[in-house]
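# Inside the fold
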Amino acid sequence: MIVKADQAERAVIDLEAMPHWRCSSERYLELIASGTLGPSDKVELINGIITAMSPAGPEHSNVVMRLTRFFAPLLDRYDLLVQGTVNLASGQIFDPDLAVVQRRDGDIYKHRHPGPDDIPLVIEAALSSMKRDAQVKMPIYAAAGIPEYWIVDIENKTLIVHRDPTDNGYGLIQKFTGETPVSAASVDGLTLTPASIFA
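## Regarding the pairing of strand β4 (residues 86-89)
The sheet contact formed by β4 and strand β5 (residues 92-94) spans three bridges and is antiparallel. Across the sheet, the residue bridging to Ala 89 is Gln 92, located in β5. The loop that links β4 with its antiparallel partner β5 comprises two residues; one of these, Gly 91, has a positive phi angle of about 80°.

Below you can see the structure in the form of structure tokens.
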């Protein structure tokens, strides 16, 4: 059977309109704990929907490695979660590229994922995921009360810094490029330049 272009377009629209599998946070975490979902599945829970993540190419991976190196000096006071799971709110369980996590007594993170009260700063490195990180995930991070959210815009070699979270987004959004020094407001002892991320 030959499918005409307009029929093919309608078929795509119909597929997008099909219902998604809605999932509670508890059920999603059970799927992870049981091994049904693992790191190779590359999914997150966004607005109660299990959503595929964009695959990471070498440019994205290089930025994440460089960021990890820059943040390493904080390890005497904080933990770093690299592409690990954070539990932000009901129906919102993300795997950000990097999160600075408060140290807690005991092995608390052995029994639960870090939540908003544990995380002063989250960073997403965005290439194909720019729209999701800036439009979908940004207000969710803000509503959860994450004090500071950085998006590394790889295509435009720009660092977008979000501060002052509200229920609807961040009150302060700044873009930095080149050799402009940027300090993390939510953690002490970290200053970098956007150019150093992309060098």
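## Here we look at the pairing of strand β6 (residues 98-102)
A regular strand carries its side chains on alternate faces of the sheet. Taking burial as the measure, the five residues of β6 include four buried ones, the bulk of the element. Alignment of strand β3 (residues 78-82) against β6, held across five bridges, turns out to be antiparallel. Residue pairing across strands places Tyr 78 opposite Gln 102, the latter belonging to β6. Pairing of β6 with strand β7 (residues 121-126), which is carried by three bridges, proceeds in the antiparallel orientation. Looking at β7, one finds that Val 100 is bridged to Leu 121.

## So, the nonpolar core
Counting 24 residues, the largest nonpolar core has Val 63, Leu 67, Phe 71, Ile 123, Trp 150 and Val 152 as the members making the most contacts within it. For this core, the secondary-structure elements that each account for two or more residues are α3 (58-71), β6, β7, β8 (148-153), β9 (158-166) and α5 (194-198). Top element by residues in this core is α3. It accounts for four residues. Those residues within four positions of Phe 71 in sequence are excluded, and the remaining contacts are Leu 80, Leu 98, Val 100, Leu 121, Ile 123, Trp 150, Leu 190 and Leu 192.

## Examining the pattern of salt bridges
Enumeration over the complete set of coordinates arrives at nine salt bridges. The partner of Asp 76 in a salt bridge is Arg 77, and the shortest N-O contact between them spans 3.5 Å. You can call Asp 76 exposed: its relative accessible area is 56%. As a salt-bridge pair, Arg 103 and Asp 79 come within 2.9 Å of each other at their nearest N and O atoms. With a gap of 24 residues between them, Arg 103 in the loop between β6 and β7 and Asp 79 in strand β3 connect regions that are remote in the sequence. Since its relative accessible area comes to 27%, Asp 79 is described here as partly exposed. In this structure, a network of salt bridges that share partners links the residues Glu 44, Glu 124, Arg 132 and Lys 137.

## Some details on the environment of Cys 23
Relative to the elements of secondary structure, Cys 23 occurs in the loop between α1 (5-17) and α2 (25-33). Considering only alpha carbons, one finds Cys 23 and Ile 50, 27 residues apart in sequence, at a separation of 6.9 Å. In contact with Cys 23, not counting residues within four places along its chain, are Tyr 28, Leu 31, Leu 45, Gly 48 and Ile 50.

## Points about unusual backbone geometry
Even without glycine at this site, Gln 83 takes up a positive phi of about 50°. On the secondary structure map, Gln 83 appears in the loop between β3 and β4. Judged by its relative accessible area of 39%, Gln 83 is partly exposed. Notably, Asp 164 is not glycine yet its phi reads approximately 65°, a positive angle.

## Notes on α2
Among all positions of α2, only Ser 25, Tyr 28 and Leu 31 are buried. End-on view of α2: buried residues confined to an arc of 125°, all on one side of the axis. Relative to its buried face, α2 has exposed residues pointing more than 90 degrees away, namely Glu 26 and Ala 33. Residues of α2 that are buried make contact with β1 (43-46), β2 (49-52), β4 and β5. Positive backbone phi, approximately 90°, marks Gly 35, located one or two places after α2.

Basis of the calculations
- Residues numbered from 1 in each chain as written.
- Predicted model: local features only at pLDDT ≥ 70, side-chain atom pairs only at ≥ 80, totals over all residues.
- Heavy atoms only, no water.
- Pairing = 2+ DSSP bridges.
- Helix = DSSP H or I, 4+ residues; strand = E, 2+ residues; numbered from the N terminus.
- Buried < 20%, exposed > 50% of the residue type's maximum accessible area, 1.4 Å probe, protein only.
- Core = buried A, V, L, I, M, F, W, Y, C linked by side-chain atoms within 4.5 Å.
- Contact = heavy atoms within 4.5 Å.
- Salt bridge = Lys/Arg side-chain N within 4 Å of Asp/Glu carboxyl O.
- Arc of directions from axis to C-beta.

Interpretation in functional terms is not warranted from these geometric data alone.
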